[in-house]
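Below, each chain spelled out in residue letters.
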Amino acid sequence: DAKTTQPTSMDCAEGRAANLPCNHSTISGNEYVYWYRQIHSQGPQYIIHGLKNNETNEMASLIITEDRKSSTLILPHATLRDTAVYYCIVRPNNAGGTSYGKLTFGQGTILTVHP
Amino acid sequence: GAVVSQHPSWVICKSGTSVKIECRSLDFQATTMFWYRQFPKQSLMLMATSNEGSKATYEQGVEKDKFLINHASLTLSTLTVTSAHPEDSSFYICSASKQGDGYTFGSGTRLTVV
């Protein structure tokens, strides 16, 4: 599985955009990039995922570099409720492989949104 | 949207007893379910992957005889922690996948073994 590298922690002011980077330099061509977040003592919440193109939904935007070796999750207007651990995950898409479908979590980024 | 219900949300049990945790997909059929364990201030660690009607695939280092997984239907998977000990105290989380695309997590179960 491709490994991801994320900063341990980040701060963001309420109302400002939060840009969370993720490095996945060993990603292969058929692997997706997923982002989840986990608020304390809850299950992870899906945010967004993408393969090659940039993606946007009601929660966030995902910017993937052209070489796909890194990506950035953007929360356009962070609120206090966005304080959480954010996980960037690369998911294999090889149906014949032993790791098909598994989400392997790294340490994530602790995002703290302050007033 | 896809909803996964996990029950109980917390449980306290005596050392040596067994505890069963249920994971249900409420509005979709889950071809695959995953079980994770999370210790305080650590990330989620995948324990096993289960597909409906077949035996679970356990990650390296996870004792299959201690953590029994049953995935008898497309909407229900159970994790039974057998002969629980204090070191099994953890936050257990399930995840359900619909045809390998899209993963929804349960709210987790806090297990405390005393």
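Refer to the structure presented above.
None of these values were measured; they are calculated from a predicted model.

K.L.:
How would you summarise the nonpolar core if you had to cite specific residues and measurements?
P.N.:
Taken as a class, soluble globular proteins show a tendency for nonpolar side chains to be buried jointly. Counting 25 residues, the largest nonpolar core has B:Trp35, B:Tyr58, B:Phe67, B:Ile69, B:Leu79, B:Tyr92 and B:Leu111 as its most contacted members. Elements that contribute at least two residues to this core include exactly β2 (10-13), β3 (19-25), β4 (32-38), β5 (45-51), β7 (67-73), β8 (76-81), β9 (90-97) and β11 (109-113) of chain B. The contacts of B:Tyr58, once residues within four sequence positions are left out, are B:Met47, B:Ala48, B:Lys64, B:Phe67, B:Leu68 and B:Ile69. By size, the runner-up hydrophobic cluster in this structure holds 21 residues, among which are A:Ala18, A:Leu20, A:Ile27 and A:Ala84.

K.L.:
Give a description of unusual backbone geometry that names residues and reports values.
P.N.:
Cis geometry marks the peptide bond from B:His7 to B:Pro8, where omega comes out at 0 degrees. Mapped onto the secondary structure, B:Pro8 falls in the loop between β1 (4-7) and β2. In the Ramachandran plot, A:Ser41 falls in the positive-phi region, its phi being about 65 degrees despite a non-glycine side chain. Among the secondary structure elements, A:Ser41 is positioned in the loop between β3 (32-38) and β4 (45-50). Residue classification places A:Ser41 among the partly exposed positions, given a relative accessible area of 36%. At B:Lys41, a residue that is not glycine, the phi angle is positive and equals roughly 60 degrees. Relative to the elements of secondary structure, B:Lys41 occurs in the loop between β4 and β5. Under the relative-accessibility criterion, B:Lys41 is labelled exposed at 87%.

K.L.:
Describe the sheet that holds strand β9 (residues 109-114) of chain A, naming the residues involved and giving the relevant values.
P.N.:
Residues and elements named next belong to chain A. Taken in spatial order, the five strands make up an open sheet running β1-β9-β8-β3-β4, and their pairing is mixed. The open sheet terminates on both sides in strands that have one partner only, identified here as β1 (9-13) and β4. Each neighbouring strand pair of the sheet contributes to a mean axis angle of 25 degrees, computed without reference to strand direction. As judged from the seven bridges shared by β3 and strand β8 (residues 84-91), these two strands associate in the antiparallel manner. Opposite Arg 37, over in β8, you have Tyr 86 as the bridge partner.

K.L.:
Just give me the short version of the state of the cysteines, but keep the residues and values in it.
P.N.:
All names here are of chain A. Evaluation of the coordinates by the stated rule reveals two disulfides over all chains. Across a sulfur-sulfur distance of 2.1 Å, Cys 22 and Cys 88 are joined as a disulfide pair. Across the S-S bond of Cys 22 and Cys 88 the torsion is about -80 degrees, and the bridge reads as left-handed. Separated by 66 residues along the polypeptide, Cys 22 in strand β2 (residues 18-23) and Cys 88 in strand β8 bring together distant segments of the chain. Grouping residues by exposure puts Cys 22 and Cys 88 together as buried. The thiol of Cys 12 is unpaired, and the distance to the nearest cysteine sulfur, on Cys 22, comes to 18 Å.

K.L.:
Go over the interface of chain B and chain A, please, and point to the residues and values.
P.N.:
Many authors give the size of an interface as the accessible area that is lost as the parts come together. Taken residue by residue, the interface counts 20 residues in chain B and 18 residues in chain A. Note on chain B versus chain A: buried area summed over both sides is about 1400 Å², and carbon and sulfur give 49% of it. A per-residue breakdown of the area chain B buries against chain A is headed by B:Ser43, B:Tyr103 and B:Phe105, which together make up 40% of the total. At the boundary of chain B with chain A, the tally comes to one salt bridge. With a closest N to O distance of 3.0 Å, A:Lys102 and B:Glu59 form a salt bridge. Counting only elements with at least two residues in the side of chain B that touches chain A, the list comes to β4, β5, β9 and β10 (103-105) of chain B. At three residues, β4(B) tops the list of elements feeding residues into the side of chain B that touches chain A. Tallied by class, the residues present in the side of chain B that touches chain A amount to eight nonpolar, nine polar and three charged.

K.L.:
Can you lay out the packing of aromatic side chains for me, pointing to particular residues and giving the numbers?
P.N.:
For the structure shown, the criterion picks out 13 aromatic pairs over all chains. Between the aromatic rings of B:Phe34 and B:Tyr103, the centroid separation amounts to 5.8 Å while the plane-to-plane angle is 45 degrees, which identifies the pairing as tilted. Taken as a pair, B:Phe34 in strand β4 and B:Tyr103 in strand β10 lie far apart in primary sequence, 69 residues in all. B:Phe34 sits in the buried class, given a relative accessible area of 2%. By relative accessible area, which is 3% here, B:Tyr103 ends up buried. Every member of this aromatic cluster is reached through a ring pair, and the members are A:Tyr32, A:Tyr34, A:Tyr36, A:Tyr46, A:Tyr87, A:Phe105, B:Phe34, B:Tyr36, B:Tyr103 and B:Phe105.

How each quantity is defined
Residues numbered from 1 in each chain as written. Chains lettered and ligands numbered in written order. Predicted model: local features only at pLDDT ≥ 70, side-chain atom pairs only at ≥ 80, totals over all residues. Heavy atoms only, no water. Core = buried A, V, L, I, M, F, W, Y, C linked by side-chain atoms within 4.5 Å. Buried < 20%, exposed > 50% of the residue type's maximum accessible area, 1.4 Å probe, protein only. Helix = DSSP H or I, 4+ residues; strand = E, 2+ residues; numbered from the N terminus. Contact = heavy atoms within 4.5 Å. Pairing = 2+ DSSP bridges. Axes fitted to C-alpha atoms, helices over the stretch in contact; angles between N-to-C directions. Disulfide = S-S within 2.5 Å. Buried area = accessible area lost by both parts, 1.4 Å probe. Salt bridge = Lys/Arg side-chain N within 4 Å of Asp/Glu carboxyl O. Nonpolar A, V, L, I, M, F, W, Y, C, P; charged D, E, K, R; others polar. Phe/Tyr/Trp six-rings, centres within 6.5 Å; stacked < 30°, edge-to-face > 60°.

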